[in-house]
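Close look at the chain arrangement
Residues per chain, in single letters:
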Amino acid sequence: DVKVTQSSRYLVKRTGEKVFLECVQDMDHENMFWYRQDPGLGLRLIYFSYDVKMKEKGDIPEGYSVSREKKERFSLILESASTNQTSMYLCASSAPGQGNYGYTFGSGTRLTVV
Amino acid sequence: GQQVMQIPQYQHVQEGEDFTTYCNSSTTLSNIQWYKQRPGGHPVFLIQLVKSGEVKKQKRLTFQFGEAKKNSSLHITATQTTDVGTYFCAGPGWGYQKVTFGTGTKLQVIP
């Protein structure tokens, strides 16, 4: 089974800190994604990547950046954390065309910015 | 951009009752996916529908893709407490490689 691992389950950071959220997948998937999930707003795409060193903005990229130096790792960076970035962050991966397997999500990182 | 709306937002049912959630897209979809997220968990892929009018079943779950490929539904027969969670539909967006998730339907099953 594909496994997507997010480095932290819970994280508390201070306003203005630079925050790194790490995601690693073990099935050689080309595509990787970062979503945030907030009550009543569903899953919103922040950034995605379909190849090493490639990145594309999603629907809400402001205040975030990403890094994909290796195929298996996709990092989300909050340049200067703010309280409105308190959220659940979900990483996902998929193979091209997705086939019948869809996205595989990590367990999520619940980030609180104080 | 593409919008994928789901209704209802919440649904409470008695155990044993049926449940249906509907997904509507503003554009024609090449395929649609469904996911389930248990409370405190992460979304888990359930199924993908590709063909116009397609119907697929997984035990008590029936998934349909509309003839015009702009809507879809998930029907659960005789709900059980294990069905509790939020159900999301998702349709492909730009470049096919990413999807847009619906707003989700949160299902509560009362024992």
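Everything in this summary refers to the structure shown in the same document. Note that the structure is a prediction, hence the values are computed from the model and not measured. (Residues numbered from 1 in each chain as written. Chains lettered and ligands numbered in written order. Predicted model: local features only at pLDDT ≥ 70, side-chain atom pairs only at ≥ 80, totals over all residues. Heavy atoms only, no water.)

All names here are of chain B. Across the two faces of strand 1 (residues 4–7) the burial differs, with V4 and Q6 buried and M5 and I7 not buried at all. Taken together, the four bridges between strand 1 and strand 3 (residues 19–25) define a ladder with antiparallel strand orientation. Note that in strand 3 the partner of M5 across the bridge is N24. (Buried < 20%, exposed > 50% of the residue type's maximum accessible area, 1.4 Å probe, protein only. Helix = DSSP H or I, 4+ residues; strand = E, 2+ residues; numbered from the N terminus. Pairing = 2+ DSSP bridges.)

Following the criterion strictly, the structure yields 16 aromatic pairs over all chains and no others. For the pair Y35 of chain A and F105 of chain A, a centre-to-centre distance of 6.1 Å together with 50° between the ring planes defines the contact as tilted. With a gap of 70 residues between them, Y35 of chain A in strand 5 (residues 31–38) and F105 of chain A in strand 11 (residues 104–105) connect regions that are remote in the sequence. The exposure classification of Y35 of chain A matches that of F105 of chain A, with both residues buried. On the numbers, 5.2 Å between centres and 55° between planes, the contact of Y35 of chain B with F101 of chain B is tilted. (Phe/Tyr/Trp six-rings, centres within 6.5 Å; stacked < 30°, edge-to-face > 60°.)

What follows is about the side chain of Q48 of chain B. Residue and element names in this part refer to chain B. Structurally, Q48 is set in strand 5 (residues 44–49). According to the relative accessible area criterion, Q48 is buried, its value standing at 5%. A polar side-chain atom of Q48 sits 2.8 Å from a polar atom in the side chain of Q33. (Polar contact = N/O pair within 3.5 Å; in protein donor to acceptor, adjacent residues only side chain to side chain.)

A few words now on the pairing of strand 12 (residues 109–113) of chain A. In the case of a regular strand, side chains alternate between the two sheet surfaces. All names here are of chain A. Covered by surrounding structure in strand 12 are T109, L111 and V113 only, the residues R110 and T112 on the alternate face being uncovered. Note: strand 2 (residues 10–13) against strand 12, four bridges, orientation parallel. What sits directly across from V12, in strand 12, is T112. Alignment of strand 10 (residues 87–94) against strand 12, held across three bridges, turns out to be antiparallel. Within strand 12, the position partnered with M88 by the bridge is R110.

It is worth spelling out the state of the cysteines at this point. Under the definition given, this model contains two disulfides over all chains. There is a disulfide in this structure between C23 of chain A and C91 of chain A, and the S-S distance comes to 1.9 Å. In this structure the cystine formed by C23 of chain A and C91 of chain A twists about its S-S bond by roughly -75°; its chirality is therefore left-handed. Within this pair, whereas C23 of chain A is found in strand 4 (residues 23–25), its partner C91 of chain A is found in strand 10, the two being separated by 68 residues in sequence. The residue that forms a disulfide with C23 of chain B is C89 of chain B, at a sulfur-sulfur distance of 1.9 Å. (Disulfide = S-S within 2.5 Å.)

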